[in-house]
Amino acid sequence: MTQEDQDRPTISLVIPIWNEELVIPELYRRVLQIMESIGDSWEMICVNDGSSDRSLELLLALRNQDARVKVLDFSRNFGHQIAITAGSDFAEGDAVIVMDADLQDPPEVVQRMVQKWREGYEVVYAVRTTRQGETKFKLWTARVFYRLLKQITDVHIPLDAGDFRLMDRRVVLTMRRLREQHRFMRGLSSWVGFHQIGVEYERAERYAGETKYPLRKMVRLAISAITSFSYVPLQLATFVGFALATLSLLAIVLTIILRLSGSSFFLGQATTLVSVLFLGGVQLIFLGILGEYLGRIYDEVKNRPLYIVSRAYGFVPDAPAPAGRAVVFHSPSAYDPGRATQSAVQSAVPTPNDPLR
Ligand code: UDP
Ligand code: MG
């Protein structure tokens, strides 16, 4: 075992934070409590996802009093899924636990996750049995979404599990190889395989503040999930095409028979108009679906970094970049940003010495 290995914490907590000034003190208190009762060494990686409130200030103050708190400060808001990605890119622990800042994922469940991990499971995901403080609409749409996703993908993505999960280091190192732009992390962590198990829990109410997931963002995440894990929407065009073609074939035969039999029954202009509009609509829908996939291909081809860390507090500046496709500037100390050192501007291809050392 090298010195570096000895310094590594056993458990890394990864916590995305966007305008959570109201919850940070309580979050730290609860984390401290639970990690002390578990007893392993730990670190808490907070990813400040472009907060415009005092979140960063509070995090740096925490870091000042407890070096186990580490902070990645994004250059702007990159979104929840990317924040989780960055946190796990930097996590050093043998187990990495991703949880929300708002204490909806009770830190107490962490204990049960660690237990399962010790039993040999490599991914322990938390399944919500009940959810408090959510609207009926959110509960219902989430339920339908997970079941729909299950129908149209081959990857076994557990029902009703969010991003609250524990991943063994092996899983995390593997996940670092997956550098796609539009990320549905719960899907990716299922896709990698390994021994997985769920633990059930009751999702608590948000401790304070507002949800950062309005409907618009939920829909975007759902579309990312579907396009990342299924071709069914694309194939739908083929099925609908065949069905409509068969129907019109029948209609053609029917028309010929009617004409030959001298019937005076013929469909008028309105029918023509309606069917043209209908078909136009169907075609536009499928163009839109094609566009969704095409846009995602375009985003991949552009090969932009997934995130930009404008200041990383608490990480070794000279360490190799944790994974590709990211820009990271280090800060020597929490209150003295000093001269920024850039350690990682990388392309999509991870360097050989990086993740699987
Ligand atoms: N979050 C983030 N960036 C965003 C949106 C959310 O880092 O763009 C964080 C947020 O601070 C919280 C977690 O992601 O820690 C989950 O967000 P939230 O609790 O608002 O989602 P909900 O539980 O309502 O689905
Ligand atoms: Mg929440």
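About the thresholds
Throughout this document, residue positions are counted from 1 along each chain, in the order its sequence is written. Each chain is given a letter, starting from A, and each ligand a number, starting from 1, according to the order in which they appear as written. Note on the predicted model: pLDDT of at least 70 is required for a residue's local features to be given, and 80 or more for side-chain atom pairs to be given and counted; whole-chain, interface and lining totals, by contrast, use all residues. Side-chain measures were taken over the full set of non-hydrogen atoms in the model, leaving aside hydrogen atoms and water. By convention in these notes, a residue is near a molecule or strand provided one of its non-hydrogen atoms lies within 4 Å of it. Polar contacts here mean pairs of N or O atoms no more than 3.5 Å apart (in protein, one a potential hydrogen donor and the other a potential acceptor; neighbouring residues in sequence count only if both atoms are side-chain atoms). In this description, accessible areas are obtained by the Shrake-Rupley approach with a 1.4 Å probe, and a residue is regarded as covered only by the protein chains that are shown. As a working rule, the residues Ala, Val, Leu, Ile, Met, Phe, Trp, Tyr, Cys and Pro are called nonpolar, Asp, Glu, Lys and Arg charged, and the rest polar, with Gly in that last group. Secondary structure is summarised from DSSP: a helix means a run of H or I of at least four residues, a strand means a run of E of at least two, and numbering begins at the N terminus for each. Each residue is assigned to one of three classes by its accessible area relative to the maximum for its type, calculated with a 1.4 Å probe on protein chains only: buried under 20%, partly exposed between the two thresholds, exposed over 50%. By definition in these notes, contact holds between two residues if any of their heavy atoms fall within 4.5 Å.

**Q** Explain the site of ligand 1 residue by residue, including any values.
**A** Close to ligand 1 lie 19 residues; Glu20, Asp102, Gln104, Thr211 and Lys212 are nearest. Within the side chain of Asp102, one N or O atom sits 2.5 Å away from an oxygen atom of ligand 1. Between an oxygen atom of ligand 1 and a main-chain N or O atom of Lys212, the distance comes to 2.5 Å. If ligand 1 stood free it would expose 530 Å²; the protein chains cover 96% of that surface. Of the residues belonging to the shell around ligand 1, the class tally is five nonpolar, five polar and nine charged.

**Q** Tell me about the side chain of Ser88, and name the residues and values.
**A** With respect to the helices and strands, Ser88 occurs in helix α4 (residues 80-90). Ser88 sits in the buried class, given a relative accessible area of 7%. Apart from residues lying up to four places away in sequence, Ser88 is in contact with Val14, Val96, Val172 and Arg176.

**Q** Please provide a residue-by-residue account of helix α3 (residues 55-65), values included.
**A** Because each turn of an α-helix spans 3.6 residues, side chains separated by three or four positions end up pointing in the same direction. Of the positions making up α3, those classed as buried are Ser55, Leu58, Leu59, Leu60, Leu62 and Arg63. The secondary structure elements touched by the buried residues of α3 are β1 (11-17), α2 (24-38), β2 (42-48), β3 (69-74) and β8 (307-313).

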